[in-house]
Amino acid sequence: YSDSEWANIFEALQNALDSFYYGVKEIVTRANYYVTLVLDPVGNSITITDNGKGWSRRNVEALWKMHVGDKNSAGTTTTARRQKGSQALGIKAALFQSRFFKVEAKTSDEPAWEITLENFCEYDKENWIKTIPDPTELAVKDGVMSEEGTRVTIIPREENWVERYL
């Protein structure tokens, strides 16, 4: 998890792929499945979008609290075999290596929401928890988050990281 390529790109990408599975052996039903990855060297940002089940607002604490992941990757079910991770350690590694970390999501039973977390790469043992805002409702416009899914945008702590990666 300390590798910046994993934290900046592959962790959110793996979570996007995992979002198509839930429950014991269920799969999200879609006419067309998609996961998109956008690497923006000018803005030094990485954006990963999927139309999976969507990140539940009820589980937003998985970003920074231990033992609150919602995956069931232990066991022999289809979901368990396909999903990776269950304690949300990877997403925490990504968060704590970022200057900017934004989640936008919509599930089938919740309105669209978003949360933006900044400068977690400058972890301050005494004050970091005070910087966590509450998730807010996301205005759905021009088809953005109008259906289930999640968008994660990350700006790495290193300047020009995306340009150097490309």
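Draft legend 1. The sheet that holds strand 7 (residues 136-137), seen in detail. A sheet is described by the order of its strands in space; here six strands give the open sequence 3-4-8-5-6-7, paired in antiparallel fashion. The sheet is open, and its two borders are formed by strand 3 (35-40) and strand 7, each paired with just one other strand. Here strand 5 (residues 98-106) pairs with strand 8 (residues 149-156) via eight bridges, running antiparallel. Bridging from a neighbouring strand, Ala105 pairs with Thr150 of strand 8. The sheet contacts of helix 1 (residues 4-18) involve strand 3, strand 4 (45-50) and strand 8, and relative to strand 4 the element is tilted by about 5°.

Draft legend 2. Spotlight on helix 1. The end-to-end C-alpha distance of helix 1 is 21 Å, a good match for the 21 Å that 15 residues give at a rise of 1.5 Å each. Along its length, helix 1 shows its largest kink, about 40°, at Phe10. Taken residue by residue, helix 1 has Ala7, Asn8, Ile9, Glu11, Ala12, Leu13, Gln14, Ala16 and Asp18 as its buried positions.

Draft legend 3. Region of the structure containing the nonpolar core. With 27 residues, the main nonpolar core has Trp55, Leu63, Phe101, Val103, Ile115 and Leu117 as its most contacted residues. Breaking this core down by element, the ones donating at least two residues are helix 1, strand 4, helix 3 (89-95), strand 5, strand 6 (113-118), strand 8 and helix 4 (161-165). No other element matches helix 1, which puts five residues into this core. With residues up to four places along the chain from it excluded, the contact list for Leu117 reads Leu63, Trp64, Leu95, Arg99, Phe100, Phe101, Ile132 and Pro133.

Draft legend 4. Molecular detail of the pattern of salt bridges. All chains considered together, the criterion is met by five salt bridges. Among the ionic pairs, Arg30 bridges to Glu148, the shortest N-O distance being 2.9 Å. One end of the pair, Arg30, is in the loop between strand 2 (26-27) and strand 3; the other, Glu148, is in the loop between strand 7 and strand 8, and 118 residues separate them in sequence. Here Glu158 ties to Arg157 by a salt bridge, and the two come within 3.3 Å at their closest N and O atoms. Residue Arg157 is classed as partly exposed on the basis of its relative accessible area, which comes to 34%.

Rules and cut-offs
- Residues numbered from 1 in each chain as written.
- Predicted model: local features only at pLDDT ≥ 70, side-chain atom pairs only at ≥ 80, totals over all residues.
- Heavy atoms only, no water.
- Pairing = 2+ DSSP bridges.
- Helix = DSSP H or I, 4+ residues; strand = E, 2+ residues; numbered from the N terminus.
- Contact = heavy atoms within 4.5 Å.
- Axes fitted to C-alpha atoms, helices over the stretch in contact; angles between N-to-C directions.
- Expected span 1.5 Å × (residues − 1).
- Bend = angle between axes of the 7 residues up to and from the residue.
- Buried < 20%, exposed > 50% of the residue type's maximum accessible area, 1.4 Å probe, protein only.
- Core = buried A, V, L, I, M, F, W, Y, C linked by side-chain atoms within 4.5 Å.
- Salt bridge = Lys/Arg side-chain N within 4 Å of Asp/Glu carboxyl O.

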